[in-house]
Amino acid sequence: WLLKGHVIVPLGDQWSLGLEGQGMGAREGRVRVPGHVLANAFLRFTGWQSQQLGLRIKNLGDRRYWDPAGPESEALDRVPQARRSLQLDWQLSF
C-alpha cells in the first residue's frame, strides 16, 4: 500500500508553509523490507516577480528505510534510502 498527502497553509501574501506525509507498506524483494512513514516540510516565498524561493526538509524524523534491491544488484539485498536532508530551491519563470 502507498498513501500520500499534503497540507499547505498561507502565511500572509508572500509566504506559505507545507507539510507532506508518505506511508508505504512492507515490500518483497530478495528480502522483505519493512513499511515506513515519512514527513517532509517546506517553506516558500513568492514575493519577487516571476521568482520563488523554497526551503524543504525531507525526512523530518530522520527515519532509516529501504527499498528492495533489484536483480541488477548482486551486492545488496536492500537499498538504503536518504536520511534527513535540506534542499534550497530557486525558480525563475520566463
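J.: I'm lost on the environment of Ala26 in this one. Help?
T.: By secondary structure assignment, the location of Ala26 is in the loop between strand E2 (15–24) and strand E3 (27–28). In this structure Ala26 comes out as partly exposed when scored by relative accessible area, which is 34%. Considering only alpha carbons, one finds Ala26 and Asp67, 41 residues apart in sequence, at a separation of 9.4 Å. Those residues in contact with Ala26 that lie beyond four places of it in its chain are Arg32, Val33, Pro34 and Gly35.

J.: Would you explain the side chain of Asn59 in this entry?
T.: Position of Asn59 among the secondary structure elements: in the loop between strand E6 (51–58) and strand E7 (66–68). Discounting residues that sit within four places of it in the chain, Asn59 has contacts with Leu38, Ala39, Asn40, Tyr65, Ala82, Arg83 and Arg84.

J.: What exactly am I supposed to notice about the side chain of His36 here?
T.: One can find His36 in strand E5 (residues 36–48). Ignoring sequence-local partners within four residues, the contact set of His36 consists of Gln22, Gly23, Met24, Arg27 and Tyr65.

J.: Even after reading the chapter, I still don't get the environment of Leu19, so can you show me in this structure?
T.: Note on placement: Leu19 falls in strand E2. Counting along the chain gives 72 residues from Leu19 to Gln91, while the straight-line C-alpha distance between them is 20 Å. Look past the residues within four positions of Leu19 in its chain and what remains in contact with it is Gly5, His6, Val7, Asn40 and Ala41.

J.: Any chance you could explain the sheet that holds strand E9 (residues 85–92) here in plain terms?
T.: Hydrogen bonds along the backbone pair up the strands of a sheet, which may run parallel or antiparallel. The strand order across the open sheet built from 5 strands is E1-E2-E5-E6-E9, with neighbouring strands paired in antiparallel fashion. The two strands at the open ends of the sheet, each matched to only one other strand, are strand E1 (2–10) and E9. In this sheet, adjacent strand axes meet at a mean angle of 15° when their direction is disregarded. As paired strands, E2 and E5 are joined by 10 bridges and run antiparallel to one another. Directly across from Gly23, in E5, lies its bridge partner Val37.

J.: Any chance you could explain the pairing of E1 here in plain terms?
T.: Two faces make up the sheet, and in a regular strand the side chains alternate between them. Burial analysis of E1 places just 0 of its 9 residues in the buried class, a small minority of the element. Pairing analysis gives 9 bridges linking E1 to E2, with the strands arranged antiparallel. Within E2, the residue paired with Ile8 across the bridge is Gly18. Between E1 and the antiparallel strand that follows it, E2, lie 4 residues; Gly12 among them carries a positive phi value of about 95°.

About the criteria used
- Residues numbered from 1 in each chain as written.
- Predicted model: local features only at pLDDT ≥ 70, side-chain atom pairs only at ≥ 80, totals over all residues.
- Heavy atoms only, no water.
- Helix = DSSP H or I, 4+ residues; strand = E, 2+ residues; numbered from the N terminus.
- Buried < 20%, exposed > 50% of the residue type's maximum accessible area, 1.4 Å probe, protein only.
- Contact = heavy atoms within 4.5 Å.
- Pairing = 2+ DSSP bridges.
- Axes fitted to C-alpha atoms, helices over the stretch in contact; angles between N-to-C directions.

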